[in-house]
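# Residue-level structural notes
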Amino acid sequence: MSDLPAGSLPDRIGSGAPEPEAPLPNWQPAMIPVPSEAAGTVEIDRTGPFEAGSLQSFILTYRAGRYGIDDSGSLKICWRFASDQGQPQFDRPDRANYVSVEASNGAKLAVRFDPKQNTRPWDRTLYIKVAQHFLREADTITVRFGDPRQGSPGLRMQSFADPHFSLRVLVDPIATYTYVEVPGMPVLPIVAGPAAVWHAVLPSWRHPGATFALGVRCDDRWGNPAPAPGGRCLMLRSNLKVEGLPETLEWPDGAAAVRCDGISVRAPGTVVIDVLDAAGTLLTRSNPLVVDAATGAQAYWGDLHAQSGETIGSGSALDYMRFARDHAFLDAVGHQANDFQVTPEFWQQLNTLMASWNAPGRFVTVPGYEWSGNTALGGDRNVFFATEDRPIRRSSHALVADRADADLDCLNVHELFAALSAANEDAIVWAHCGGRYADIAYAHDHALERAVEVHSSWGTFEWLVEDALSLGYRVGIVANSDGHKGRPGAEMPGASLFGAPGGLTCYWLPELTRAALFAAMRARHHYATTGCRMHLMVRAELERPSVLWHDDPRVPGASSQRGFTAMMGDIVQGAGERVRLSIEVVAASPIIGVELRRGTEVVETVRPQSDLPLGRRVWVAWSGAEYRGRARQTVWDGRLQVAGAGIARATPINFFNPDRVLQRVSDHELGWASITTGNFSAVDLLLDDTDADIRVDTPHGVLHTSVAALGLTPLRVDCGGLGRELRASRLPEAAAPSSVSFSRELALRPGVDNPFYVCVTTEDGHQAWSSPIYCIP
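Described below are features of the structure shown in this document. (Residues numbered from 1 in each chain as written. Predicted model: local features only at pLDDT ≥ 70, side-chain atom pairs only at ≥ 80, totals over all residues. Heavy atoms only, no water.)

Formed by 76 residues in total, the largest nonpolar core has its most connected members in Trp508, Leu536, Val585, Val594 and Val760. Beyond its immediate stretch of four places on either side in the chain, Val760 contacts Met534, Leu536, Val585, Ile591, Gly593, Val594, His766, Gln767 and Ala768. Counting 38 residues, the second-largest nonpolar core is a separate cluster that includes Ile77, Phe113, Val171 and Val180. (Core = buried A, V, L, I, M, F, W, Y, C linked by side-chain atoms within 4.5 Å. Buried < 20%, exposed > 50% of the residue type's maximum accessible area, 1.4 Å probe, protein only. Contact = heavy atoms within 4.5 Å.)

And the structure:
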């Protein structure tokens, strides 16, 4: 009888004295892969070049190697995360993106697509499993992308140009889930389509007599730089005298962008420049440039947050720099690679590139990286340095094999802030929402964390600003692209997870140098836009001389000065009981509204068109997101019906994806496919009568109203989710003002911060946010 307690088991079964314990076998896989020469081969019948965003058909044939593929072995065909190539589908052979897969020996194959089935950045995966039977050497698996045999128009190629685009094929021949790359994959170059959209770019504020540049570029319909035919003569026309501006511009052969330097305007005013073709047809109009001496600083535009193909993006870091300066016409750029993909070698290369491209007065670079910790550990933060060659403190070494500097890793954002402070780093941190979002309630540092990102290609995140203000943080507001297509400063969303064009930030600087830029970033002297270059100025006139803090006064050694006037980003202490805010906006499109906000409260909405009569024009919009995380896309595919009137005109607003369009179903009905990721889309309607009813049906809500019941203030329908809503309003038929200047005297709430800022919305779908002026009585 055993004397073990009931229900227990002996250490080992048997009798006699226990034998010495033998070590357990090492069941860790040896990870010695199949030799690549035995992995098989791949052929593709058509290798391009392919036009970006076009529908194409091609056949990939995998020929099994020495081992064949065993029963339950598999094949992966992978492409990079950044690619928005059409998602394969397998059950509608007459539709786009249909893919068929078959084995030459009749083996049964199980096929599926998974966007996260492989190690990033090659995580988009067509997974093919040998479900029954097996493959011998030389047997084939044939994959027809965009198989046209039953009517499919093809597979939509990715929407952004990449001369080095390719697929990666991995095989697990022995069914151990250990993959080896099949060598010899051909490149499938993706090239820009025909020239479709012209852009003219000016600065937004310059002093009289200061020199500046006009940038002109041409894009295809997806936003790729598209070389226009050489020898083309463009005409340049300005509303005011611009010294040094040529009357004509000879377009160089093969060029997608041209810059006209050394021009200036001597008299104060607002300048716009039109670009016309030789026949006098308007191709594009520039953003407005305000010429004035009212402030000592001038406006410079930057996109400090995006990345290139060395990590998860596309293209090289060198091409990234060229695009920022020569195509997007940025004044400042940063590169923010995910830290867990940054090898020591790439970190050194990136710092060298930043140093070599930094040109004070022309183009400023800002070194740094993205600390990419999980949201539970603080979430995404941008880290910027004033100088190159600073150590990188990663959130992990997840995809970095060289662990020589792993002792510097900061596994949560508390550790990051502590390490940067302990090292006395000349650094600035921003919080943002990308794939993962920053949890600023988890951690914040008043000295280091100077701004939050309200907008990027991932969407619009006013909730992040509201989080910061609700928590009492004194931060500025920025916007960037956070782009992965290698197009900083002019990033379009394409057709994947990104739901908006990249944003821009305007910095008020006395000169274009890295030192001046860093000072403005610290003092929050900047404003954010959804990608436009509108002029925005917010000032506070104070009752008495007050302390103007550039640093949060809660930071030891904070810097300050005294004055009667504060600008956006300043922290004002001792301002008295009241403050007069002055707001000035000059935009390229009529202004729908300027919201004057105190923290999370909207104090007033100023509508410059309020004196104009309302007529037959109706604006219907939808906005918001599912939630804060990665799968935030809200699908708004819906329809609009008008009873009692016809639709004379319907203009889509913020329909960025050419695959998702507004369609006229009849004279009384519209249909659309649309997504938002915190931003908004809209339809601008002109009806043939006002005695009509409108009904809007979407998956998340219904709006039903008479036109007569609508005014400038929108009728809103809450649709749940994260800020999801439908709204409708009326707008004047006459052209509304695209500029506005006003002031308001406001009482300060005692004993608390009064963070005053504005949000501007224009008819072309753009928005802008000023950094708050923090008034402390």
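Don't stop here, the text continues.
What follows deals with unusual backbone geometry. In this structure, the amide linkage connecting Gly48 to the following residue, Pro49, adopts the cis form with an omega of 10°. For Pro49, the position within the fold is in the loop between strand 1 (41-44) and strand 2 (50-51). Along the chain, Arg120 connects to Pro121 via a cis peptide bond; the corresponding omega equals 10°. Relative to the elements of secondary structure, Pro121 occurs in the loop between strand 7 (108-114) and strand 8 (124-132). Despite not being glycine, Ala175 shows a phi value in the positive range, around 60°. Mapped onto the elements, Ala175 comes out in the loop between strand 11 (168-172) and strand 12 (180-181). (Helix = DSSP H or I, 4+ residues; strand = E, 2+ residues; numbered from the N terminus.)

For the rest of this paragraph, the subject is the sheet that holds strand 16 (residues 212-219). Spatially, 14-16-19 is the arrangement adopted by the 3 strands of the open sheet, whose pairing is antiparallel. Unpaired on one side and paired on the other, strand 14 (197-201) and strand 19 (257-263) mark the two borders of the sheet. Taken over all neighbouring pairs, the strand axes of this sheet differ in orientation by 10° on average, direction set aside. The sheet contact formed by strand 14 and strand 16 spans 5 bridges and is antiparallel. Following the sheet pairing, Val197 is matched in strand 16 by Asp219. (Pairing = 2+ DSSP bridges. Axes fitted to C-alpha atoms, helices over the stretch in contact; angles between N-to-C directions.)

What follows covers helix 3 (residues 413-422). Buried within helix 3 are the following residues: Val413, Leu416, Phe417, Ala419 and Leu420. Projected down its long axis, helix 3 carries its buried residues within an arc of 165°, all on one side. Residues of helix 3 that are buried in the fold lie against strand 27 (368-371), strand 28 (381-385), strand 29 (427-431) and strand 30 (449-456). One or two residues past the end of helix 3 sits Asn424, with phi positive at roughly 55°. (Arc of directions from axis to C-beta.)

Glancing now at the sheet that holds strand 17 (residues 233-238). Across the sheet, 4 strands lie side by side as 18-17-21-22; this open sheet has antiparallel pairing. Edge positions in the open sheet fall to strand 18 (248-250) and strand 22 (282-285), since each of these has one partner strand only. Strand-to-strand, the axes of this sheet are offset by a mean angle of 25°, without reference to chain direction. In this sheet, strand 21 (residues 273-276) lies alongside strand 17 in antiparallel orientation, the contact comprising 4 bridges. The residue of strand 21 that forms the bridge with Met235 is Leu276.

So, on to a negative patch on the surface. Residues Asp688, Asp689, Asp691 and Asp693 make up a contiguous surface patch of negative charge. Tracing the sequence through the fold places Asp689 in the loop between strand 48 (680-687) and strand 49 (693-698). Judged by relative accessible area, which is 34%, Asp689 ranks as partly exposed. (Patch = residues over 30% accessible without salt bridge, like charges linked within 9 Å, V, L, I, M, F, W, Y side chains within 5 Å. Areas by Shrake-Rupley, 256 points an atom, 1.4 Å probe, with all protein chains shown as cover. Salt bridge = Lys/Arg side-chain N within 4 Å of Asp/Glu carboxyl O. Lys, Arg positive; Asp, Glu negative; His and termini not counted. Charge placed at Lys NZ, Arg CZ, Asp CG, Glu CD.)

Once that is clear, we can look at the packing of helix 1 (residues 317-326) against helix 2 (residues 344-357). In the contact formed by helix 1 and helix 2, the axes pass within 10 Å of each other and the chain directions differ by 30°. Compared by their axis directions, helix 1 and helix 2 come out roughly parallel. For the pair helix 1 and helix 2, the sense of crossing is right-handed. Where helix 1 approaches helix 2, its residues Ala317, Leu318, Met321, Arg322 and Arg325 are matched on the opposing element by Phe346, Leu350, Leu353, Met354 and Trp357. Each residue belonging to the contact of helix 1 with helix 2 can be placed in one class, and the counts come to 8 nonpolar, no polar and 2 charged. (Parallel < 35°, antiparallel > 145°, perpendicular 65-115°, else oblique. Left-handed = near helix turned anticlockwise from the far one by under 90°. Nonpolar A, V, L, I, M, F, W, Y, C, P; charged D, E, K, R; others polar.)

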